[in-house]
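Coordinate analysis (summary)
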Amino acid sequence: MSTTAPFGTWPSPITPGTITTRTVRLSQVRVDGADTYWVEQRASQAGRNVLLRRGGDGSVGEILPLTPSDELVDVHTRVHEYGGRAYAVDSGIIVVSHAGDGRLYRYDVAHRMRGLVPLTIYGDVRHGDLEIDTARGLVYAVREDHRGDGEAVNSLVAIPLDGSAAREDAPVITIMSGTDFVTSPTLSPDGEHLAWITWDHPSMPWESTTLHVGDLLPDGRIGEQTVIADSGAVSEPRWTEECELVHISNASGFSNLYRTEGFPRRGTTREGWTTGLRTRPLHPVEATFTSPAWELGPHHYDILDGEHLIASWARNGIWHLGTIRLSNGELEEWNIGWQPLGNVASSAGRVVMLANNEMELPAIIEVRDGGIDVLRNSGEFAAEAIGISLPTPVEWPTSADATAHGFFYPPSSASHTGPDDELPPLIVNVHGGPTAAARPGYDLNIQYWTSRGFAYLDVNYRGSTGYGTHYRHALDGHWGVYDADDVIAGAEFLAASGEVDPARIAVRGASAGGFTGLVALTRSTVFSAGTSLYGVADLALLTRTTHKFERRYIGTLVGAEGADAPVLAERSPLHHIDDIHAPLLLLQGSEDPIVPADQATTMYNAVRAKGLPVALEVFHGEGHGLRLASNIHRALRAELNFYSQVWGLELPEEDSIAMHVENL
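Residues numbered from 1 in each chain as written. Predicted model: local features only at pLDDT ≥ 70, side-chain atom pairs only at ≥ 80, totals over all residues. Heavy atoms only, no water.

1. Side note on the overall build of the protein chain
Heads up, the rule is: Here a strand is any run of E in DSSP of at least two residues, a helix any run of H or I of at least four, and the numbering for each starts at the N terminus. For the radius of gyration, the atoms used are the C-alpha atoms, and the globule rule reads 2.2 Å times the number of residues raised to 0.38. We call a residue buried when its accessible area falls under 20% of the maximum for its residue type, exposed when it is over 50%, and partly exposed in between, using a 1.4 Å probe and counting protein chains only.
Looking only at helices and strands, one finds 10 helices and 38 strands in the protein chain. Over its C-alpha atoms the protein chain spans a radius of gyration of 25 Å, differing by no more than 12% from the 26 Å that the globule rule assigns to 664 residues. When the backbone C-alpha atoms are referred to their principal axes, the protein chain occupies close to 80 × 60 × 55 Å. When each of the 664 residues of the protein chain is scored for burial, the buried share is 62%.

Dropping the structure here:
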């Protein structure tokens, strides 16, 4: 029988400890024969990224030994700062980037006593997006060299697998250089060709890139080469069993699959091969088959067999899975009850992926004979234990006669209900990026709020992905305007619908989402509270201090040339403190390289001087995001207690902490 209690005050079985110690973050799913590999990020181990393997016999465990310096391996790369694909595996040979010293290491599963063999030198040289070439004894990698005085230099290199480049850099072969960025080295099955992607400032990898293919010489260098595609954004090159090249391009307005055929096979005449290639779309459709490549190595599709791809795609923000026939592009959807989450891998007909659904946390699953085997859960917190809140897709009118999108989660509890004469408070969440998307599904970070009696709106404002290129491009030149308009309109839409209490609406966001949330606070009085998690407050400062990968991105989003453009100050929340009328909570890492901590400190001092309620929590040792379990605990409790103080909610004793809000 349910207990009636005010919304926002319900006791919940989801604690910060549930999120940090009973769950892990899964990523980088790959298959190697009968073995499945993935990376787990564990907040309980200070955010360490651990490589695990599930053998064909069902055994699961960490696979890598200690480094020669007796360190636990942290599988992570800082290429582009956001990292991504930090290991590769082929026939039991693993090459991995260790965050502790930045070096690459080789490990042979069949010869474990040899331990980890260092492949690269010490120093400020980063590697990622790894591709192993066992025949030549090389690993191809994206190199980001920070040893010079100026901007980091990105190149494509071939590193010997024998360890000869561990003491000196000379044995490393530079395959390709001269562009601002290079990613996605992809080796053909016969070892004869290598594909890769390049782009230059001011483009981002989801805006304009070039796909190259070249002959591989015996030493790993490139011979004759050609451009396969350079219209729009090209991503995720993958070779079929017949050595044809598949890639994704958004040239049509949607990121669709294409196939290039006509490559010479081993033993055939190679001269003039670049003139005989033919590229055609595989399955033209108004759907998106990839996500923005913020991290290295996106993997939304794979080669299933000689005749099919196994692919995932989004339509109106919802992800699907199915096969595409290589010969004629015929698509067959697999209705498996799970949504792929961007890691789809296949080998010898096996299909393994990271996925979730409305009742299951993200998990690594294998699709077999039409059924699902769960190989690894990110957590085992049953949805029934909390009375899970299910997402509803919503859309609403916004500025410039546009329509914005999102997912609404009503408050829900297995043990409590709200009073009949009360409406729940609403938390409006703004995803980061901004070129990214909110996805529906069972997420403890959302259920943490809904199980306590809060309603939750996850906004996919203009600029988000999963709704076509036109929707994403709508934000160009309008960042800090249209995104904030959509967030404000979403809050007003739900308030007018009678779903939520119009007097208790908060906006929250992290990083770029924090920026949009802060802007929304300056442009509307619909919000009575706001939380910024390492959010951008000063665009001009961000333009000057951010890293190479996104340095020119801000200009495109805002429509600015250079760090002195007046529009940067016009759009920066730091210059509009007088327009903020709601209490504000700022959560910030002290060592954040992307949004320096003094942005949050400056915001705090200015809001406090104005006399508004404000609180600041600085987490020492944290960067752009929180990794340590203790800090994640503190941030979640601080935000909950901030709302309770601002809105006068009486929290259960287990949720209460000592927290001072200035001017309250």
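2. With respect to the side chain of Glu244
Defined as follows: In the analysis that follows, any N or O atom pair within 3.5 Å is treated as a polar contact, provided that within protein one partner can donate a hydrogen and the other can accept it, and provided that, for residues neighboring in sequence, both atoms belong to side chains. By definition, residues are in contact when any of their heavy atoms lie within 4.5 Å.
Mapped onto the elements of the fold, Glu244 is located in the loop between β18 (234-239) and β19 (245-249). A polar contact of 2.7 Å, which involves the side chain of Glu244, links it to the side chain of Arg259. If near-sequence neighbours (up to four positions away) are discounted, Glu244 is found in contact with Arg238, Trp239, Arg259, Thr260, Glu261 and Phe263.

3. Some points on unusual backbone geometry
With an omega of 5°, the peptide bond running from His201 to Pro202 counts as cis. At Gln28, a position not held by glycine, the phi torsion is positive, near 50°. Secondary-structure assignment places Gln28 in strand β2 (residues 25-32). Residue Glu236 is not a glycine yet carries a positive backbone phi of 50°. Note that Glu236 resides in strand β18.

4. Section: the UniProt feature "domain: Peptidase S9 prolyl oligopeptidase catalytic" (unreviewed entry) in the protein chain
Our working rule: UniProt positions are given in the numbering used here, feature names are shortened, and annotations may be inferred rather than shown by experiment.
According to UniProt, the "domain: Peptidase S9 prolyl oligopeptidase catalytic" (unreviewed entry) feature falls on residues 442-647. Here residues 442-647 is 44% helix and 14% strand, with 27 Å between the C-alpha atoms at its ends.

5. Re helix α9 (residues 597-610)
Quick note on the threshold: Take the residue count of a helix, subtract one, and multiply by 1.5 Å to get its expected span. By arc we mean the arc of the directions from the helix axis to the C-beta atoms, nothing more.
In a regular helix each residue adds 1.5 Å, so 14 residues correspond to 20 Å; α9 covers 20 Å between its end C-alpha atoms and thus fits that length. Those residues of α9 lying buried are Ala597, Gln599, Ala600, Met603, Tyr604 and Val607. Burial along α9 is one-sided: seen end-on, the buried residues are contained in an arc of 155°. For α9, the elements touching its buried residues are α5 (512-523), α6 (539-545), β37 (584-589) and β38 (614-619). Just beyond α9, the residue with positive phi is Gly611, at close to 95°.

6. Describing the packing of aromatic side chains
To be explicit about the condition: Geometry of aromatic contacts follows a simple scheme: Phe, Tyr and Trp rings, the Trp one being its six-membered ring, pair when their centres are within 6.5 Å, and the pair is stacked under 30 degrees between planes, edge-to-face over 60, tilted otherwise. As a reminder, the over-ring test applies to NZ of lysine and CZ of arginine, requiring each to be within 6 Å of the ring centre and within 35 degrees of the ring normal.
According to the stated counting rule, one finds 22 aromatic pairs in the structure shown. With a centroid separation of 6.2 Å and an interplanar angle of 70°, the aromatic rings of Tyr82 and Phe549 are classed as edge-to-face. Of this pair, Tyr82 sits in the loop between β5 (60-62) and β6 (87-90) while Phe549 sits in the loop between α6 and α7 (553-558); the two residues are 467 residues apart in sequence, bridging distant segments of the chain. A residue is classified by how much of its surface remains accessible, and Tyr82, at 22% relative accessible area, is partly exposed. Note on Phe549: relative accessible area 1%, which makes it buried. Between the aromatic rings of Phe289 and Trp313, the centroid separation amounts to 5.8 Å while the plane-to-plane angle is 35°, which identifies the pairing as tilted. One end of the pair, Phe289, is in the loop between β21 (278-281) and β22 (301-303); the other, Trp313, is in strand β23 (residues 308-315), and 24 residues separate them in sequence. In this pair, the class of Phe289 matches that of Trp313, namely buried. Members of the aromatic cluster, connected to one another through ring pairs, are Tyr82, Phe181, Trp199, Trp206, Trp294, Phe549 and Tyr553. One residue, Arg103, lies across the ring of Tyr122, its end atom 4.0 Å from the ring centre. The ring of Tyr301 has Arg238 sitting right over it, with the charged end atom 4.4 Å from the ring centre.

7. Topic: the sheet that holds strand β3 (residues 35-42)
The cut-off we apply is this: Two strands qualify as a pair provided that DSSP identifies no fewer than 2 bridges between them. Interaxial angles span 0 to 180 degrees and are taken between N-to-C directions of axes, which are lines fitted to C-alpha atoms, for helices over the stretch in contact.
Strand order in the open sheet formed by four strands is β2-β3-β4-β5, with antiparallel pairing between adjacent strands. Where the open sheet ends on each side, the last strands, each with one partner, are β2 and β5. Neighbour to neighbour, the strand axes of the sheet diverge by 25° on average, direction disregarded. The pairing of β3 with strand β4 (residues 48-54) spans seven bridges and is classified as antiparallel.

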